[in-house]
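Take a look at the letters that make up each chain.
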Amino acid sequence: MLQYTWKRLLTGVLSLFVLVTVTFFLVRIIPGSPFQRGGVSGQVVEAIEQEYGLNEPLLSQYLSYIGSAVRGDLGISYQDPATRVTDIIARAWPVTASIGIAALTVSTVLGTALGIVRAVSKRRWVRECISAGGMLLAGIPGFAAAILLLLVFSVKLKWLPASGLLSPVHYILPVTALSLYPAAMISRLVGNTLSSELQKEYVLFARAKGLGKWQVVLTHALKNACLPVLNYIGPASASLLTGSFVIESIFTIPGLGREFVSSITNRDYTLILGLTVFMGAVVILISLVTDLLSAWLDPRTRRAYREERI
């Protein structure tokens, strides 16, 4: 298990290195300069670029950035030289994380509950309603759901605020918009896998021993049905925790998504790279934790890894 952990960790580090390298050279392809705006002359732009070392060979800039990033120095924002990239991340990350954690919790609880009802219910219309509702929600893009919720509950009914995160009420619309698709997918996964588990011999044996229906479902079948759900929740949680660019822009939320969009618009190279490094590290870390949990819960994963070594 330890060797499996090291293998996954090294793979994650290599993936992050490739991500940073590709992003570094891609941002340099963006036309224009981060300092070329308004009526700034070309000579002034060249002088500023020389001050920041942007006139040096691209390979030298790349090696310098990698060396600084390894030491934890992501540089300063070109659009706000008084602010370091790490300070921007520290300010925006808690906002994005709070929305992501809330959306992940809502989607997991709601999706699991609906999936259990779909698998256990004897009423056909209940199962079909949950299936149809899940397909409908999974087919609605997040930005479309956000705009629809905004128009109905903020503009038309005026029940909920339209922007910001000043109070718990402000979380309702963005969290709902983020939760719809994951909840639909989790409901489908739980419903399908739990239905399959309920047909297996150990469930029938437990029922023959006199155990109640819900006791068998919650203490035996659901545990085995959660492995596919865990494999989905890993990437989904990484996506939610690193922010939804469109959702944060629609609801004017000062999180990582809005900062990333702003950095691309302003050609802020260091901020683009810093946010890429941070979000990539979060995604890789969550994927690593998910893989390790899956290997710990499922002996078949550990057995497959041992067979690979042999």
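Everything numeric in this text was worked out from a predicted model, so none of it was measured.

A. Looking closely at the overall build of the protein chain. A count of helices and strands for the protein chain gives 13 helices and zero strands. Secondary structure elements of the protein chain occur, N-terminal to C-terminal, as α-α-α-α-α-α-α-α-α-α-α-α-α. Taking all 310 residues of the protein chain together, the buried fraction comes to 40%. Look at the contacts in the protein chain between residues 6 or more apart in sequence, and 73% of them connect residues 24 or more apart. Accessible surface for the protein chain amounts to roughly 17300 Å². Of this, 66% is attributable to carbon and sulfur atoms.

B. View of the layout of surface pockets. Of the pockets and cavities examined, the largest pocket occupies roughly 380 Å³. Lining of the largest pocket is provided by 20 residues; of these, Tyr52, Ser64, Tyr65, Tyr78 and Thr270 occupy positions nearest its centre. It is helix α3 (residues 58-70) that contributes the most residues to the lining of the largest pocket, five residues altogether. Of the residues in the lining of the largest pocket, the class split is nine nonpolar, seven polar and four charged.

C. Just the packing of aromatic side chains, in detail. Tallied over the full model, the rule gives seven aromatic pairs. Between Phe24 and Tyr65, the aromatic rings sit 6.2 Å apart at their centres with planes inclined by 35 degrees, giving tilted as the arrangement. With a gap of 41 residues between them, Phe24 in helix α1 (residues 2-29) and Tyr65 in helix α3 connect regions that are remote in the sequence. Across the pair, Tyr65 and Phe24 agree in class, each one buried. Following the ring pairs from residue to residue traces out a cluster consisting of Phe24, Phe25, Tyr62 and Tyr65.

D. Structural context of helix α11 (residues 256-265). Every buried residue of α11 is listed here: Leu256, Gly257, Glu259, Phe260 and Ser263. Relative to the axis of α11, the buried residues are bounded by an arc of 165 degrees and lie together on one face.

E. Just the pattern of salt bridges, in detail. Per the counting criterion, the structure on display carries three salt bridges. One salt bridge connects Arg124 with Glu128, and the closest N-O pair in it is separated by 2.7 Å. Linking Arg124 with Glu128, this pair stays in helix α5 (residues 124-139), spanning four residues, or about one helical turn. In this structure Arg124 comes out as exposed when scored by relative accessible area, which is 59%. A relative accessible area of 43% places Glu128 in the partly exposed class.

Thresholds, definitions, all that
Residues numbered from 1 in each chain as written. Predicted model: local features only at pLDDT ≥ 70, side-chain atom pairs only at ≥ 80, totals over all residues. Heavy atoms only, no water. Helix = DSSP H or I, 4+ residues; strand = E, 2+ residues; numbered from the N terminus. Buried < 20%, exposed > 50% of the residue type's maximum accessible area, 1.4 Å probe, protein only. Contact = heavy atoms within 4.5 Å. Areas by Shrake-Rupley, 256 points an atom, 1.4 Å probe, with all protein chains shown as cover. 1 Å grid on protein atoms, 1.4 Å probe; cavity = no way out; pocket = protein on both sides within 12 Å on 5 of 7 lines; lining within 4 Å. Points joined across faces, edges and corners; volume = space filled by probe spheres on them. Nonpolar A, V, L, I, M, F, W, Y, C, P; charged D, E, K, R; others polar. Phe/Tyr/Trp six-rings, centres within 6.5 Å; stacked < 30°, edge-to-face > 60°. Arc of directions from axis to C-beta. Salt bridge = Lys/Arg side-chain N within 4 Å of Asp/Glu carboxyl O.

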